[in-house]
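Residue-level structure breakdown
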Amino acid sequence: MQKIFKILVFLLFGFSALNATLVQDGYNELEKGNVLEAANIFKNSCEKGAFAGCYNLGLMYFKGEHISKNYPKAYELFDKACTEGHEQACFNLAVMSEKGLGIEKNLTKAIDLYSKACNEGNSSACFNLANIYEEEKDNFSNVDFLTKACNLDHAKACYNLALKYYNEDGVELSPLKAVNLYQKACDLGHSNACYNLAIAYLDGKFFAVNKNQAKNYFNQACILKNEKACEEYDKL
């Protein structure tokens with residue numbers, strides 16, 4: 001499952017000064033470990049129209065780290081925040097709708113919410129849509145949303161797209177495009193992309209063997225905690 005955004009955020013734009021202060025107070029109380037006080041402040045701010053208060057309280061219920069996990073309550077609060085324009089709340093609703101958390105699984109609603117979030121520049125929403133279409137065997141849409149997610153600097157989307165072009169998986173074989181995508185994913189911190197670049201310069205399948213390049217990429221992957229890359233680096 002795509003990870004739910006972990007950081008509690010509050011958005012001041014559009015709030016009254018009072019509601020903005022309430023949300024800030026709730027966040028401060030949570031930072032100090034005053035969980036119940038924070039929850040009550042978020043609840044009050046939500047009821048007064050501060051949608052970030054709804055979101056933060058929903059996140060507390062979703063994660064269950066500070067109060068008892070309650071998916072239906074989290075969904076209700078995310079829905080309220082989403083209706084008021086909180087983009088991350090809308091994304092979380094999409095995840096819950098896709099997985100059936102707090103409500104019955106509703107893939108149609110998930111796709112609709114992900115699509116809106118993707119169009120607004122949420123790379124994870126584009127990536128999740130790509131995964132849905134992969135499961136539905138819709139290769140065109142899968143590639144389309146992987147491309148969108150990669151263009152928004154989603155490392156795993158670039159990596160998955162590279163695999164397709166390198167292995168002629170539902171797209172035209174293009175080793176050069178694959179290598180460029182691996183490079184982008186590697187630059188974004190995806191260790192397997194760095195590892196696969198090393199292999200591409202070592203196996204001679206599409207490119208001239210270049211052990212120095214291979215060693216460089218194995219080293220990058222090793223730095224990113226790829227143990228297999230560390231082993232291969234030591235061999236060169």
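On a predicted model such as this, the values are computed, not experimentally measured, just so you know.

Here's the deal with the overall build of the protein
Within the protein, the secondary structure is distributed over 13 helices and zero strands. Starting at the N terminus and walking to the C terminus, you meet the elements of the protein as α-α-α-α-α-α-α-α-α-α-α-α-α. Taken over 236 residues, the protein has a buried fraction of 47%. Within the protein, contacts between residues separated by at least 24 positions form 45% of all contacts whose residues are at least 6 apart in sequence. Accessible surface, the protein: about 12,200 Å² in total, of which carbon and sulfur atoms supply 48%.

Observations concerning the environment of Val 171
Its place among the elements puts Val 171 in the loop between α9 (155-167) and α10 (175-187). Residues Val 171 and Asn 139, spaced 32 residues apart in sequence, show a C-alpha to C-alpha distance of 8.6 Å.

Here we look at the pattern of salt bridges
Where side chains of opposite charge bring their charged atoms close, a pairing between them can arise. Evaluation of the coordinates by the stated rule reveals eight salt bridges. Among the salt bridges present, the one from Glu 47 reaches Lys 43, with a minimum N-O distance of 2.7 Å. Taken together, the residues span about one helical turn, with Glu 47 and Lys 43 both in helix α2 (residues 35-47) at a distance of four residues. Salt-bridge contacts for Asp 153 lead to Lys 184; the nearest nitrogen and oxygen are separated by 3.3 Å. One end of the pair, Asp 153, is in the loop between α8 (139-151) and α9; the other, Lys 184, is in helix α10, with 31 residues separating them in the sequence. A relative accessible area of 46% places Asp 153 in the partly exposed class. Under the relative-accessibility criterion, Lys 184 is labelled partly exposed at 27%.

Considerations on the packing of aromatic side chains
Tallied over the entire structure, the rule returns 11 aromatic pairs. Ring centres of Tyr 55 and Phe 78 lie 5.6 Å apart, and the angle between their planes is 40°; on these two criteria the pair is classed as tilted. In this pair, Tyr 55 sits in helix α3 (residues 51-63) while Phe 78 sits in helix α4 (residues 71-83), placing the two residues 23 residues apart along the sequence. The same class applies to Tyr 55 and to Phe 78, which are both buried. Chaining the aromatic ring pairs together yields one cluster made of Tyr 55, Phe 62, Tyr 71 and Phe 78. Between Lys 215 and the ring centre of Tyr 233, over which it is positioned, the NZ or CZ distance is 5.1 Å.

Details of the state of the cysteines
One way to say it: the disulfide is the covalent bond shared by the sulfur atoms of two cysteines. Enumeration over the complete set of coordinates arrives at six disulfides. Two residues share a disulfide in this structure: Cys 46 and Cys 54, whose sulfurs sit 2.1 Å from each other. Between Cys 46 and Cys 54, the S-S torsion sits near 95°, and that sign places the bridge as right-handed.

A word on the packing of α3 against α4
Helix-helix packing: each pair is described by the crossing angle between the helix axes and the interaxial distance. Two numbers describe how α3 lies on α4: the axes approach to 8 Å, and their chain directions differ by 160°. Between α3 and α4, the crossing angle belongs to the class labelled roughly antiparallel. Judged by the sense of rotation from one axis to the other, the crossing of α3 with α4 is left-handed. Here Phe 51, Cys 54, Tyr 55, Leu 57, Gly 58, Leu 59, Tyr 61 and Phe 62 of α3 lie close against α4, whose contacting residues are Tyr 71, Lys 73, Ala 74, Leu 77, Phe 78, Lys 80 and Ala 81.

About the criteria used
- Residues numbered from 1 in each chain as written.
- Predicted model: local features only at pLDDT ≥ 70, side-chain atom pairs only at ≥ 80, totals over all residues.
- Heavy atoms only, no water.
- Helix = DSSP H or I, 4+ residues; strand = E, 2+ residues; numbered from the N terminus.
- Buried < 20%, exposed > 50% of the residue type's maximum accessible area, 1.4 Å probe, protein only.
- Contact = heavy atoms within 4.5 Å.
- Areas by Shrake-Rupley, 256 points an atom, 1.4 Å probe, with all protein chains shown as cover.
- Salt bridge = Lys/Arg side-chain N within 4 Å of Asp/Glu carboxyl O.
- Phe/Tyr/Trp six-rings, centres within 6.5 Å; stacked < 30°, edge-to-face > 60°.
- Lys NZ or Arg CZ within 6 Å of the ring centre and 35° of its normal.
- Disulfide = S-S within 2.5 Å.
- Axes fitted to C-alpha atoms, helices over the stretch in contact; angles between N-to-C directions.
- Parallel < 35°, antiparallel > 145°, perpendicular 65-115°, else oblique.
- Left-handed = near helix turned anticlockwise from the far one by under 90°.

Distances and angles like these do not, on their own, reveal function.
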